[in-house]
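Chains, contacts and geometry: an overview
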Amino acid sequence: MNSMKEIDHLALDGHALELFLAVLEEGSVTAAATRLGLTQSAVSHGLNKLRRIAGDPLFAKSGRGIVATAHAQALAAKARALIDQMRSFAGGVTFEPKLAQLSLTIAANDFQRDLLLPKFFDHVAAQVKSLNLRVNPSRSPSPAMLRENRCDLLVTPLPPSGVDIMQRRLLSDQYVCYFDSKARTAPSGRGAYLTAHHITVVYTDNERLDFDRRLAAKGFHREIAISVPSFSGVPSFLRGSRMLASMPSLLASGVMRGFAQVRIPLASRTRTLAELPMFMVWHQRYQKDPAHRWIRNQLETITATVASTSATST
C-alpha cells in the first residue's frame, strides 16, 4: 500500500507524454531531444519520471539505439489519446491566429515539400504568434502516420485509405519529359522515348514513382539507367546527357529550371498515365478542430497561388 501511495499519477503531464512518444517513435533519446528542442539530459530526466509513474523501464538498450518494452508499446495508444483529449480541452471552440503558438508536423516528399511548404510557412508565420514547422518524408504513406499522430497533415499523390482518414485534392499536375536541349532534341515519338536511357526516382523505402508503376502495369518498358532517392538528385545527372527524365511539370520552376520539356509521347489512350493529383490528408480526429481547419485552409490558399503562378509562367 505504501508503494502505491508513492506513485502520483497526477504528476503525469502532456509534455511528459509527448516526450515518451518522441522517444518511442525515434528509437533514440538523442533524436527525440533534437525533435523536441530539448537537451538529452532533460529527455533522460523526463523518462526517469515516467518510469516511476508507469512502474516499468519503458525502454531497453538494443545495439546503438533503444527499443520499447511491451508495456511501453501498450501505453502508446493511451498516450496519444490523452494528448488528443488535452488538445481538445485546451482548444475551446474558437481559434485566434494572432494569439496562436503552433507546432506543426507535415509529412511530404521532396516535390510537395519544395513546391508548397516554404510559401506555406511564410504565409502562416506572418499570421500567428509563433510557428514551429517540422517536415518529415512521407515516403509511401500509411494510415498509421496519421492515426499515431506522427504528423498533423500529409501531402501526397497517394493518399492512404481508411474510414478515419480524410482527404482533399489540392491540385492536379502531370508528368512531362525533361531533357537537356543542349545535348539532344526531344524524343520524336513513343519508340524514341521508350528506347532512350532514363533517370527516375526510387525513394529510400524502395517505393517507385506512381508514373513508373503505371507504365510497368501497362507493359511499357524503359531503360532506367540511373535511380536517385529524390527529385533534387536528377538535374546533375541529366545536365549534359542524352538521357530523359519523366517528372512533374511543376518542377519546371524549381529544380528542373533550365531544362526543356515536352508532353510524354505515348498514345492518347494512355494519357491518364501522366496525371499527377496531389492530396492533403488528415485524421478524422481533427476534422472539426478550429486550428486544424484554419491550417488546412491556409495550405489550400497557398496551393491555389502556386498553381496559378506556375500556369501563368508557362
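Our structure is the block above this text.
Below: a short report on this structure. (Residues numbered from 1 in each chain as written. Predicted model: local features only at pLDDT ≥ 70, side-chain atom pairs only at ≥ 80, totals over all residues. Heavy atoms only, no water.)

Looking only at helices and strands, the protein chain features 11 helices and 11 strands. Seen through its C-alpha atoms, the protein chain measures out along the principal axes to roughly 85 × 45 × 35 Å. Counting across all 314 residues of the protein chain, residues that qualify as buried make up 44%. Partitioning the contacts of the protein chain with sequence separation of at least 6, the portion at a separation of at least 24 is 73%. Only carbon and sulfur atoms are counted for the fraction: they give 52% of the accessible area of the protein chain, which is about 16800 Å². Computed over 38 positive and 25 negative side-chain charges, the separation of the two mean positions in the protein chain equals 5 Å. (Helix = DSSP H or I, 4+ residues; strand = E, 2+ residues; numbered from the N terminus. Buried < 20%, exposed > 50% of the residue type's maximum accessible area, 1.4 Å probe, protein only. Contact = heavy atoms within 4.5 Å. Areas by Shrake-Rupley, 256 points an atom, 1.4 Å probe, with all protein chains shown as cover. Lys, Arg positive; Asp, Glu negative; His and termini not counted. Charge placed at Lys NZ, Arg CZ, Asp CG, Glu CD.)

Turning our eyes to something else, we now look at helix H4 (residues 40–54). Taking 1.5 Å per residue, 15 residues should reach 21 Å; H4 reaches 21 Å between its end C-alpha atoms and fits that length. Along H4, the residues that are buried comprise Val43, Gly46, Leu47 and Leu50. Relative to the axis of H4, the buried residues are bounded by an arc of 105 degrees and lie together on one face. For H4, the exposed residues lying more than 90 degrees away from the buried face are Ser41, His45 and Arg52. In this structure, the buried side of H4 is in contact with helix H2 (14–26), helix H3 (29–36) and strand S1 (59–62). In the segment just after H4, Gly55 is the residue with positive phi, at about 65 degrees. (Expected span 1.5 Å × (residues − 1). Arc of directions from axis to C-beta.)

Turning next to the pattern of salt bridges. Following the criterion strictly, the structure yields 11 salt bridges and no others. In this structure, Arg134 and Glu26 form a salt bridge, with 2.9 Å as the shortest nitrogen-oxygen distance. Remark: Glu26 occurs in helix H2 and Arg134 occurs in strand S4 (residues 130–136); sequence separation between them is 108 residues. For Arg134, a relative accessible area of 25% corresponds to the partly exposed category. On the accessibility criterion, Glu26 (28% relative accessible area) is partly exposed. In this structure, Arg214 and Asp210 form a salt bridge, with 2.5 Å as the shortest nitrogen-oxygen distance. Taken together, the positions of Arg214 and Asp210, both in helix H9 (residues 210–217) and four residues apart, correspond to about one turn of that helix. On the basis of relative accessibility, which here comes to 18%, the residue Asp210 falls in the buried class. When salt bridges that share partners are traced, they join Glu207, Asp210, Arg213 and Arg214 into one network. (Salt bridge = Lys/Arg side-chain N within 4 Å of Asp/Glu carboxyl O.)

Let's shift gears to helix H6 (residues 110–125). An α-helix turns once per 3.6 residues; consequently, residues spaced three or four apart project the same way. Taking 1.5 Å per residue, 16 residues should reach 22 Å; H6 reaches 21 Å between its end C-alpha atoms and fits that length. Most pronounced at Leu116, the bend in H6 amounts to some 40 degrees, and the proline Pro118 follows within four residues. Every buried residue of H6 is accounted for by Asp110, Phe111, Gln112, Leu115, Leu116, Leu117, Phe120 and Val124. (Bend = angle between axes of the 7 residues up to and from the residue.)

Moving on, we get to the packing of aromatic side chains. Per the stated rule, a full pass over the model turns up four aromatic pairs. Ring centres of Phe95 and Trp294 lie 5.4 Å apart, and the angle between their planes is 50 degrees; this geometry places the pair in the tilted category. You can see Phe95 sitting in the loop between helix H5 (70–91) and strand S3 (101–108) and its partner Trp294 sitting in helix H11 (residues 290–313), a full 199 residues away along the chain. Ring centres of Tyr175 and Phe211 lie 4.9 Å apart, and the angle between their planes is 25 degrees; on these two criteria the pair is classed as stacked. Taken as a pair, Tyr175 in strand S6 (residues 165–179) and Phe211 in helix H9 lie far apart in primary sequence, 36 residues in all. A relative accessible area of 4% means that Tyr175 is categorised as buried. Exposure remark for Phe211: the relative accessible area of 0% places this residue in the buried category. Sitting over the ring of Trp282, Arg296 keeps its end group 4.3 Å from the ring centre. (Phe/Tyr/Trp six-rings, centres within 6.5 Å; stacked < 30°, edge-to-face > 60°. Lys NZ or Arg CZ within 6 Å of the ring centre and 35° of its normal.)

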